[in-house]
Each structure stands twice: as C-alpha cells, then as structure tokens.
Amino acid sequence: MKLASAEFPGGTFNTFVSAGGGTIEYNNAADFIMPTGRTIYNNLVINLSATNRIATLGSNLTVNGDFAINRGTFQIGNNNYGRTITVVSDLTVESAGSITTGTTNVSRDGSTHTFTNGTHNGHKLELQGNFTNNGNVSFTNQAAENYGTAYSNVTNVFFTNTTGDQNVTINGPTKFYSIRVQK
C-alpha cells in the first residue's frame, strides 16, 4: 500500500501489518511525522518525493519484515522520548536514502540501559537481520563521543540475531555511536 500523506487510512489492518502481511510505502511530497497510532508494520518503505524530505519517527516502531529507506531521510526522533525500533529482518538504506538521529530530552522509554562503561540514554535500534548502507547514515548528532556518562542524541545499535549470522555492508558514510552484539 502506497501512502502519499502522513495519515494512515482508517480500518482494520492487523493482518496486513503483522508478520507475513503486506508492505506499507510512505511516498510523501512533504516532511512529516510518522503516525503515532501505527507502530507495527510487516514491511516498511520510506520512498519520499525528494532526497531532502524527512520522515520523522514519532513513536516506537516494530517492523516484522524488511525496512528500506529508498529516498529521503528517516529521522529517529526529534526532541522527545528516546525511541525503540525493532527490525526483525533486514534494514537497507539505498543511495538516495539516509538515516539521521534527532534529539532526545529524556532517556529511552523513561529508563536507561547500562553498558559496562556508563549509562546510555537516547534511541535504541535492534536489528535481527542484515544492515546495508548504500546512502548516508548517522546514529548520532553529537560532535564528539562521551561514553563515560549518560548521554542522549544518539541511537544505540544492537545486533540481536541469536540463531544465525548477520551481515553489515557499508557502501556509504556510516557513523555509529555504539554497537552491541548480542549473540
């Protein structure tokens, strides 16, 4: 289903957006905040009308299948609670696509997650499939790292497939702030 607006149509889409369901493609001509009432998709495609258009994540997100950013920018949050994104299959950023990290003013879901070298706030991206970047990805908007204390304005990336291999393919600029492999 292709959508040319930020509004998800009314109706019951539980089977369509659940695992094994269909594909939702946002094909907007203007910047927009993704619908906060729609937090689960089967396959999700961001394919905006221009590379300078932005789709901002306004709530937590679960993608049961593949997630692709074909054209435009997918921005994770903007001056809000840290967001949690779970992608069960592959995340692909094409050459005309990008991922950026917005600001957070409090920790992810009102809590923190702890690493051995400090407490990390911000957004969380959990990938259970492969990650391919052919575009431009920045999982932080900080000028310099600050691993020893609590911080925000970052997306912490977790690779969590415990049953098989995961591949990371980097063909474009990619800026990670923290990576955690949970195998």
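Analysis parameters
Residues numbered from 1 in each chain as written. Predicted model: local features only at pLDDT ≥ 70, side-chain atom pairs only at ≥ 80, totals over all residues. Heavy atoms only, no water. Helix = DSSP H or I, 4+ residues; strand = E, 2+ residues; numbered from the N terminus. Buried < 20%, exposed > 50% of the residue type's maximum accessible area, 1.4 Å probe, protein only. Areas by Shrake-Rupley, 256 points an atom, 1.4 Å probe, with all protein chains shown as cover. pLDDT = per-residue confidence, 0-100. Contact = heavy atoms within 4.5 Å. Salt bridge = Lys/Arg side-chain N within 4 Å of Asp/Glu carboxyl O. Pairing = 2+ DSSP bridges. Core = buried A, V, L, I, M, F, W, Y, C linked by side-chain atoms within 4.5 Å. Phe/Tyr/Trp six-rings, centres within 6.5 Å; stacked < 30°, edge-to-face > 60°.

With respect to the overall build of the chain
Point 1. For the chain, the count of helices and strands is one helix and 21 strands.
Point 2. For the chain, with 183 residues in total, the buried portion stands at 50%.
Point 3. Only carbon and sulfur atoms are counted for the fraction: they give 46% of the accessible area of the chain, which is about 8,200 Å².

Details of the confidence of the model for the chain
Point 1. On average, residues of the chain score 85 in pLDDT, and 85% of them reach the 70 mark or higher.
Point 2. When the criterion is pLDDT under 50, residues 107-119 qualifies, and its contacts beyond four places in sequence or with other chains add up to 36 contacts.

Some remarks on the pattern of salt bridges
Point 1. Inspection of the entire model under this criterion finds one salt bridge.
Point 2. The salt bridge involving Arg53 is made with Asp31; its shortest N-O contact spans 3.7 Å. Placement of the pair is Arg53 in the loop between strand 5 (43-47) and strand 6 (54-57) and Asp31 in the loop between strand 2 (23-26) and strand 3 (32-33), with a sequence separation of 22 residues.
Point 3. You can call Arg53 partly exposed: its relative accessible area is 27%.

Observations concerning the sheet that holds strand 10 (residues 84-87)
Point 1. Strand order in the open sheet made by the six strands is 4-7-10-15-18-21, with parallel pairing throughout. Each end of this open sheet is capped by a strand with a single partner; those strands are strand 4 (40-41) and strand 21 (178-181).
Point 2. Pairing analysis gives five bridges linking strand 15 (residues 123-127) to strand 18 (residues 155-159), with the strands arranged parallel. Paired with Lys124 across the two strands is Asn156, which belongs to strand 18.

Some remarks on the nonpolar core
Point 1. Counting residues in hydrophobic clusters, the biggest one holds 32 residues, and the most contacted among them are Tyr26, Met34, Phe67 and Phe74.
Point 2. Looking at this core element by element, the count peaks at four residues for strand 8 (residues 67-76).
Point 3. Setting aside chain neighbours within four positions, we find Tyr26 in contact with Leu3, Ser5, Phe8, Phe32, Met34, Pro35, Tyr41, Leu44, Val45, Ile46, Asn47 and Leu48.

Some words on the side chain of Thr56
Point 1. Assignment of secondary structure puts Thr56 in strand 6.
Point 2. Judged by its relative accessible area of 11%, Thr56 falls in the buried class.
Point 3. Once residues within four sequence positions are removed from consideration, Thr56 is found in contact with Phe32, Ile33, Met34, Gln75, Gly77 and Asn78.

Looking at the pairing of strand 15
Point 1. For strand 15, a buried count of five out of five residues is recorded, marking the element as mostly surrounded by other parts of the structure.
Point 2. Taken together, the four bridges between strand 10 and strand 15 define a ladder with parallel strand orientation. Considered in strand 15, the bridge of Thr84 is made with Lys124.

Description of the environment of Phe131
Point 1. Its place among the elements puts Phe131 in strand 16 (residues 131-133).
Point 2. On the basis of relative accessibility, which here comes to 0%, the residue Phe131 falls in the buried class.
Point 3. Counting along the chain gives 44 residues from Phe131 to Val87, while the straight-line C-alpha distance between them is 10.0 Å.
Point 4. In this structure, Phe131 is in contact with Leu91, Val137, Phe139, Phe159, Asn167, Val168, Thr169, Ile170, Thr174 and Phe176, ignoring residues within four places of it in sequence.

A short note on the packing of aromatic side chains
Point 1. A complete count under the given rule lists six aromatic pairs for this structure.
Point 2. Ring centres 6.2 Å apart and planes at 75° place the aromatic pair Tyr26 and Tyr41 in the edge-to-face group. Taken together, the residues span a long stretch of sequence, with Tyr26 in strand 2 and Tyr41 in strand 4 at a distance of 15 residues.
Point 3. Centroid distance Phe139 to Phe176: 5.3 Å. Interplanar angle 35°. Geometry classified as tilted. Of this pair, Phe139 sits in the loop between strand 17 (136-138) and strand 18 while Phe176 sits in the loop between strand 20 (174-175) and strand 21, and the two are 37 residues apart along the sequence.

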